[in-house]
Amino acid sequence: MDSIFFGRRALLAGGAGLAAAATGRGAAAQGAPIRIGELNSYSRMAAFCIPYRNAMQLAADQINATGGVMGGRRLEFVFRDDGSTPGDAVRVAEELLTRENVAFIAGTFLSNVGLAVSDFANQRKRLFFATEPLSDALTMAQGNRYTWRLRPSTYMQTRMLVEAARGKTQKRWAIVAPNYEYGQSAAANFKRLIGSAIPGAEIIAEQYPALGRVDAGATVGALAQARPDAIFNVLFGPDLTAFVREGNTRGLFERRFVLSMLTGEPEYMIPLGDETPEGWVVTGYPWDQVEGSAHRAFVEAYRARFNDTPRKGSLLGYVTVQVLANLLNKANSLDNEVLVDALRDLSSDTLVGNVTMRGIDQQGSMGTWVGETTQRNGQGIMRNARYADGADYMFPEEEVRAARRA
Amino acid sequence: MSVEFSFLLVQALSGLASASSLFIIASGLTLVFGVTRIVNFAHGSFYMLGAYMAVTIVPWLLQIERSPTLFFAGVLISAAVVGVLGVAMEILLLRRIYKVPELFQLLATFGVVLMVQDAVLHIWGPLDIAGPRAPGLRHGVMILDQRFPAYELFLIAAGPVVLGLLWLLMHKTRFGILLRAATRDREMVGALGVNQALLFTGTLFLGAFLAGLGGALQIPRVSASAQMDLAIITEAFVVTVIGGMGSIGGAFLAALLIGQLQAFGVLIFPKITLVLVFLLMALVLVVKPWGLLGRPEAAPPSAMPEGIASPGRFCVFEKLLVALALLVAAMLPLFGDAYAVKVATEVLIFGLAAFSLNFLVGNGGIVSFGHAAYFGLGAYASGLLVTKLGMPMEPALIVAPLASGFFAALFGFFIVRLQGIYLAMLTLAFAQIAYAVCFQWVEVTGGDNGIVGVWPAPWAASRIVYHYLVLVVAVLGIIALRHVIYAPFGASLRAARDSAARAEAIGIDVRAHRWLGFTIAGAAAGLAGGLYAFSKGSIDPTLLGIPLSVDFLAMILLGGMQSVVGPVLGAAAFHSIKDVFMPLTDHWRFLLGASIIALVLIFPRGLGGAYASLRARFTGGAP
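Residues numbered from 1 in each chain as written. Chains lettered and ligands numbered in written order. Predicted model: local features only at pLDDT ≥ 70, side-chain atom pairs only at ≥ 80, totals over all residues.

Right, let's talk about the overall build of chain B for a bit. When its secondary structure is counted, chain B shows 25 helices and four strands. Relative to its length of 623 residues, chain B is compact, with a C-alpha radius of gyration of 25 Å against a globular reference of 25 Å. Dimensions of chain B along its principal axes, counting C-alpha atoms only, are 75 × 60 × 50 Å. With 623 residues in all, chain B has 57% of them scored as buried. (Helix = DSSP H or I, 4+ residues; strand = E, 2+ residues; numbered from the N terminus. Rg over C-alpha atoms; globule rule 2.2 N^0.38 Å. Buried ≥ 20, exposed ≤ 12 C-beta atoms within 10 Å, placed from the backbone.)

Structure representation (structure tokens):
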């Protein structure tokens with residue numbers, strides 16, 4: 001009952017927010033609105049980024065309906081497409097900072113875009129709250145004072161999966177990963193970590209198809225030929241669908257243990273449909289199984305407003321706004337140096353529970369869910385999913401110090 | 001023998017299945033090129049539309065009955081719908097631009113690509129859509145001790161069947177005979193009274209149908225996604241070029257080669273599948289300049305040269321205009337805001353890059369599809385020197401054009417031996433190879449993440465000072481290139497472009513001139529790339545990518561490639577359009593595509609050309 005009530009209230013709040021936005025900035029009597037620049041690949045990576053933006057708007061409207069931030073100021077996001085290339089993104093970031101006069105910038109999806117914007121932010125001494133790019137480099141070797149990342153990095157998600165494989169007996173592993181930084185570094189992390197979870201594990205085959213162009217038949221054939229006991233998969237999106245279909249037909253996954261990155265996220269799970277393999281251990285977001293009234297209320301409000309189920313992007317967008325609102329309230333200033341200092345070990349209460357921005361590597365402790373894939377009514381779902389708190393999977397502190405000493 | 005025979009056999013079959021799919025798509029591309037001479041970028045869009053149509057139509061039909069007949073009926077209907085879309089494109093767009101230079105047609109089809117991408121996102125939503133499996137062909141078939149998908153056995157048969165049907169069409173029907181005739185000599189077919197409009201419409205239908213069929217046949221294997229168009233189009237181009245443009249048999253042979261290369265390539269080099277096909281294309285073109293089964297392009301270039309005819313001098317009014325533009329660029333920091341200065345800096349950099357490309361295309365007749373490679377290599381040279389060796393900005397900027405010039409000379413040695421579309425595709429192949437090296441050589445180049453921290457020297461760190469630095473360097477670069485265009489060397493290049501045979505006859509070493517021209521243009525692009533790297537603070541492989549090469553082409557075409565300073569104007573126009581639309585909407589690609597098409601239709605000779613005819617009207621001279 002509680003959640004239904006909240007759902008309605010959230011809906012009304014959303015409406016009120018829109019109405020306030022329509023009447024312009026003058027409506028915010030308590031002071032000028034706080035504007036945050038959000039640049040992302042809304043066009044190229046629409047499957048993730050549109051639900052992400054939807055949830056951000058939902059969260060901002062809810063916050064504004066209940067009094068805003070920093071003692072009654074409205075929270076506004078200026079959304080911009082980053083063009084999906086570093087060159088375009090840096091120009092857009094410049095536009096947001098100089099022409100839109102945003103307090104700071106957030107967002108980006110692709111790792112190369114995130115890194116370029118991060119370095120730009122460092123050069124201009126402005127806060128960059130990286131939400132989605134997964135590259136370890138962003139908080140490690142190329143980390144800088146002004147860049148903070150929320151989502152669990154490639155290393156953290158790989159480590160969650162490896163931990164889930166602890167106690168298994170499969171020794172002969174094959175790796176298949178898209179041939180770009182995310183795939184390469186997931187594979188490298190896996191090679192490093194698997195031995196600690198399964199002593200004596202070895203990598204006997206590796207396949208790195210070009211992103212978006214997997215030749216599924218040839219790749220599956222090459223993997224099967226190596227006769228591995230288990231497979232570590234990093235493919236996602238269209239590559240994953242093609243790989244799974246080919247593998248199902250050729251029996252690649254039969255009697256083989258599979259660890260798979262991101263496969264449980266609705267963005268990538270929905271297209272698999274009735275081809276979703278049984279019993280893969282994956283990271284993902286089982287939105288229909290997450291406990292807690294706050295999360296249920298979020299799901300209801302999201303469905304009511306957008307007539308769609310939330311995606312992983314939606315969750316991330318909502319949590320982003322929760323953390324940023326908390327940051328603004330705590331810092332009570334738009335000075336970027338003050339904001340950066342306030343972010344250090346900032347602890348926020350969010351949809352996924354506590355999220356702390358660890359100071360040493362400027363990485364958020366937001367986690368993700370680890371579970372097994374299965375099917376229900378011809379749709380892929382996760383079962384036995386548990387939330388893996390990012391705080392337990394971060395880089396060891398001495399590694400961070402070594403990587404960030406520059 | 002460590003690898004067993006059954007595995008090799010199944011791997012070869014996988015390669016054949018890919019080859020069949022690739023051939024069906026490429027056959028349409030090669031047909032359309034053969035008859036209309038249009039390099040149809042939108043062919044990949046038709047492939048994508050075929051897949052989207054099929055994932056919409058086929059499940060609907062299968063609800064009636066899960067039968068193979070209805071599945072394949074759905075596939076054919078989807079292909080036919082795409083064929084009709086091809087007809088629409090021919091009637092609404094291509095028919096209006098057959099008379100304009102070939103590159104403009106390419107640009108217009110690229111506009112279609114951008115529009116279709118956003119339209120697909122709008123209609124079908126951003127999630128990938130997986131189609132149904134083919135009823136009756138879901139299972140795997142045991143071949144020796146390996147399981148192989150039945151549907152792929154069907155695909156292996158489909159390629160040769162399409163080849164056979166096309167052969168019958170080409171040899172046994174009047175339409176096919178006309179198609180072959182038009183491929184050999186388009187003018188003659190027209191002169192003999194054949195209704196060309198109908199012939200071209202029919203060709204576009206057939207081409208789009210084949211692309212749609214290729215896409216629709218893929219739905220049991222891959223999900224329909226908004227990225228599949230660009231993934232397939234480069235590969236389809238590679239197949240048609242290796243086979244010889246216009247040759248269907250050649251496309252079949254090339255598809256077989258590429259299919260096997262990929263199937264076995266992943267076993268030996270699992271990381272370089274990205275570049276394997278381009279290495280093969282470069283190799284084939286160096287050995288066989290017209291592809292495996294292509295014929296030398298017999299027809300000389302059209303009577304009216306596409307490019308700079310005779311560079312005129314500025315009149316007083318034009319000198320004033322140029323002075324005014326320079327003044328605005330110089331005074332901008334006084335009245336424009338910080339962002340306007342930033343955009344102006346980028347326009348100047350792109351202006352230099354576009355000018356250097358038109359030095360090749362407009363003045364030399366050397367069409368490059370890979371000019372971004374030299375831009376990117378310049379950026380990498382500067383960026384690596386600054387970040388890895390700690391070199392200051394100033395010498396790093398000097399090295400940028402030298403490094404790019406070196407690679408332009410290296411690649412150009414092979415490139416300038418070819419002609420026309422083959423030359424353009426070889427520039428693309430070398431650009432992709434350079435891209436792959438930057439992408440793959442993670443230890444040195446940082447891979448696709450690139451390298452950050454490429455910032456200017458402290459004295460040039462502010463936006464305004466860097467703007468002036470770029471202004472001075474870019475303008476000097478443009479003046480130098482312009483001087484070369486007016487010099488005897490530039491005139492020799494134009495002579496070689498208009499008639500290589502006559503140029504040879506009067507003692508011009510055509511190949512040496514073109515080689516040197518290519519090197520100069522590459523060096524100038526590298527200078528622009530170096531400036532760009534310092535303005536962004538980072539380098540990454542997108543700076544060498546096909547999209548940026550296409551942007552450069554769009555700039556010179558919008559500006560007008562028969563005009564000397566037009567490309568700078570084009571760079572400003574293109575960059576401004578993009579900058580205006582990007583903040584407005586998620587569908588900025590749609591608007592960018594629509595603007596490109598509108599500009600091609602309204603100013604078929606570019607902005608520079610429009611100005612020239614305006615000037616001719618006022619001065620009364622011939623255009």
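In terms of helices and strands, chain A carries 13 helices and 15 strands. Taking 22 Å as the expected radius of gyration for a compact globule of 406 residues, we find that chain A reaches 21 Å, a close match to that expectation. On the principal axes, the C-alpha backbone points of chain A span a range of 70 × 50 × 35 Å. Of all intrachain contacts in chain A linking residues separated by at least 6 positions in sequence, the fraction that spans at least 24 positions is 69%. (Contact = placed C-beta atoms within 7 Å.)

What follows deals with the interface of chain B and chain A. Residue-level contacts link 55 residues of chain B with 58 residues of chain A. If you tally residues by element for the side of chain B that touches chain A, the top one is helix H1 (residues 5-36) of chain B, at seven residues. In terms of residue class, the side of chain B that touches chain A is built from 25 nonpolar, 17 polar and 13 charged. (Nonpolar A, V, L, I, M, F, W, Y, C, P; charged D, E, K, R; others polar.)

In terms of nonpolar packing, the biggest core is built from 352 residues, with Ala255, Met281 and Met425 of chain B touching the most fellow members. Not counting residues up to four positions away in its chain, the partners in contact with Met281 of chain B are Val238, Val241, Ile242, Met425 and Ala429 of chain B. (Core = buried A, V, L, I, M, F, W, Y, C linked by C-beta atoms within 7 Å.)

All names here are of chain A. The side-chain alternation of strand S8 (residues 230-233) yields two buried faces, one formed by Ala230 and Phe232 and the other by Ile231 and Asn233. Examined bridge by bridge, S8 and strand S9 (residues 257-264) share four bridges and lie parallel to one another. Residue pairing across strands places Phe232 opposite Leu259, the latter belonging to S9. The handedness of the S8 to S9 crossover, carried by helix H8 (residues 238-250), is right-handed. (Pairing = 2+ DSSP bridges. Right-handed = clockwise from strand over helix to strand, strands pointing away.)

Of all residues in chain A, 92% attain a pLDDT of 70 or more, and the chain-wide mean is 90. The model gives residues 1-29 of chain A a pLDDT under 50, and that stretch makes 35 contacts with residues more than four places away or in other chains. (pLDDT = per-residue confidence, 0-100.)

Below, the discussion takes up the domain arrangement of chain A. All names here are of chain A. When the domains of chain A are assigned, the result is domain 1 (2-22 + 32-154 + 289-367) and domain 2 (155-287 + 369-403). On the domain 2 side, the residues contacting the 30 residues of domain 1 number 27 residues. At the level of secondary structure, the elements contributing two or more residues to the side of domain 1 that touches domain 2 comprise helix H2 (46-65), helix H11 (312-331), strand S12 (353-358) and strand S13 (363-364). Taken together, the residues that form the side of domain 1 that touches domain 2 break down as 13 nonpolar, 12 polar and five charged. (Domains from an automatic or database assignment.)

What follows deals with the environment of Leu235 of chain A. All names here are of chain A. Along the polypeptide, Leu235 turns up in the loop between S8 and H8. Overall, the presence of 26 C-beta atoms within 10 Å leaves Leu235 in the buried class. The sequence separation of Leu235 and Tyr182 amounts to 53 residues, and the corresponding C-alpha distance is 10.0 Å. Those residues within four positions of Leu235 in sequence are excluded, and the remaining contacts are Val176, Ala177, Pro178, Val214, Leu240 and Phe243.

What follows is about the packing of helix H18 (residues 463-486) of chain B against helix H21 (residues 510-536) of chain B. How two helices sit against one another is set out by the angle between their axes and by the gap between those axes. Residue and element names in this part refer to chain B. Two numbers describe how H18 lies on H21: the axes approach to 11 Å, and their chain directions differ by 175°. The angle between H18 and H21 falls in the class roughly antiparallel. The residues of H21 that touch H18, namely those facing Tyr466, Val470, Val473, Ala474, Gly477, Leu481 and Val484, are Ile520, Ala524, Leu527, Leu531 and Ser535. (Axes fitted to C-alpha atoms, helices over the stretch in contact; angles between N-to-C directions. Parallel < 35°, antiparallel > 145°, perpendicular 65-115°, else oblique.)

Residues and elements named next belong to chain A. Here seven strands make up an open sheet; going across it, the order is S7-S6-S8-S9-S10-S14-S15 and the pairing mixed. Unpaired on one side and paired on the other, strand S7 (202-207) and strand S15 (379-388) mark the two borders of the sheet. For this sheet the average axis-to-axis angle between neighbouring strands, irrespective of direction, equals 30°. Across five bridges, strand S6 (residues 172-176) lies against S7 in parallel orientation. Within the sheet, the bridge partner assigned to Arg172 lies in S7 and is Glu202.

Residues and elements named next belong to chain B. Domain annotation of chain B identifies domain 1 (5-287) and domain 2 (336-545). Tallying the contact residues gives 15 residues for domain 1 and 13 residues for domain 2. Among the elements of the structure, helix H9 (228-243) and helix H11 (273-287) are those that each provide at least two residues to the side of domain 1 that touches domain 2. Ranked by residues supplied to the side of domain 1 that touches domain 2, first place goes to H11 with eight residues. Residues that form the side of domain 1 that touches domain 2 fall into these classes: 14 nonpolar, no polar and one charged.

All right, on to the confidence of the model for chain B then. Residue and element names in this part refer to chain B. Here chain B averages 90 in pLDDT, while 97% of its residues score no lower than 70. Per-residue pLDDT stays below 50 along residues 300-304; that stretch engages in zero contacts with residues further than four places along the chain or on separate chains. The ipTM value of the predicted complex is 0.89, and its pTM value is 0.90.

Moving on, we come to the pairing of strand S2 (residues 75-81) of chain A. Of the strand pairs in this sheet, strand S1 (residues 34-40) of chain A and S2 of chain A are connected by seven bridges, and their pairing is parallel. Following the sheet pairing, Ile34 of chain A is matched in S2 of chain A by Leu75 of chain A.

All right, on to the environment of Ala330 of chain B then. Tracing the backbone shows Ala330 of chain B in helix H12 (residues 316-335). Expressed as a C-alpha distance, the spacing of Ala330 of chain B and Gly86 of chain B, which sit 244 residues apart in the sequence, is 48 Å.

All names here are of chain B. Helix length check: helix H3 (residues 68-92) (25 residues) gives 36 Å between terminal C-alpha atoms against 36 Å at 1.5 Å per residue, within 8%. Among all positions in H3, only Phe71, Gly74, Val75, Ser78, Ala79, Val81, Val82, Gly83, Leu85, Gly86, Met89 and Glu90 are buried. Along its buried surface, H3 packs onto helix H2 (43-64), helix H4 (102-124) and helix H8 (196-217). (Expected span 1.5 Å × (residues − 1).)

Here the focus is unusual backbone geometry. Where the residue is not glycine, phi is negative for most of them; where a peptide bond is considered, it is trans in most cases. All names here are of chain A. Backbone geometry places Met70, a non-glycine residue, at a positive phi of 50°. Following the sequence through the fold, Met70 ends up in the loop between H2 and S2. Notably, Arg255 is not glycine yet its phi reads approximately 55°, a positive angle.

Attention now goes to the packing of H2 of chain B against H3 of chain B. Residues and elements named next belong to chain B. In the contact formed by H2 and H3, the axes pass within 8 Å of each other and the chain directions differ by 140°. Remark: the crossing between H2 and H3 carries right-handed chirality. Two secondary-structure elements touch here, H2 through Phe46, Leu49, Gly50, Met53, Ala54, Ile57, Val58, Leu61, Leu62 and Ile64 and H3 through Leu70, Phe71, Ala73, Gly74, Val75, Ile77, Ser78, Ala79, Val81, Val82, Leu85 and Gly86. Classifying every residue of the contact of H2 with H3 gives 18 nonpolar, four polar and no charged. (Left-handed = near helix turned anticlockwise from the far one by under 90°.)

Turning our attention to the environment of Pro401 of chain B. Residue and element names in this part refer to chain B. Secondary-structure assignment places Pro401 in helix H15 (residues 393-415). What makes Pro401 buried here is the crowd of 26 C-beta atoms within 10 Å. Note: C-alpha distance between Pro401 and Phe72 (329 residues apart in sequence) is 55 Å.

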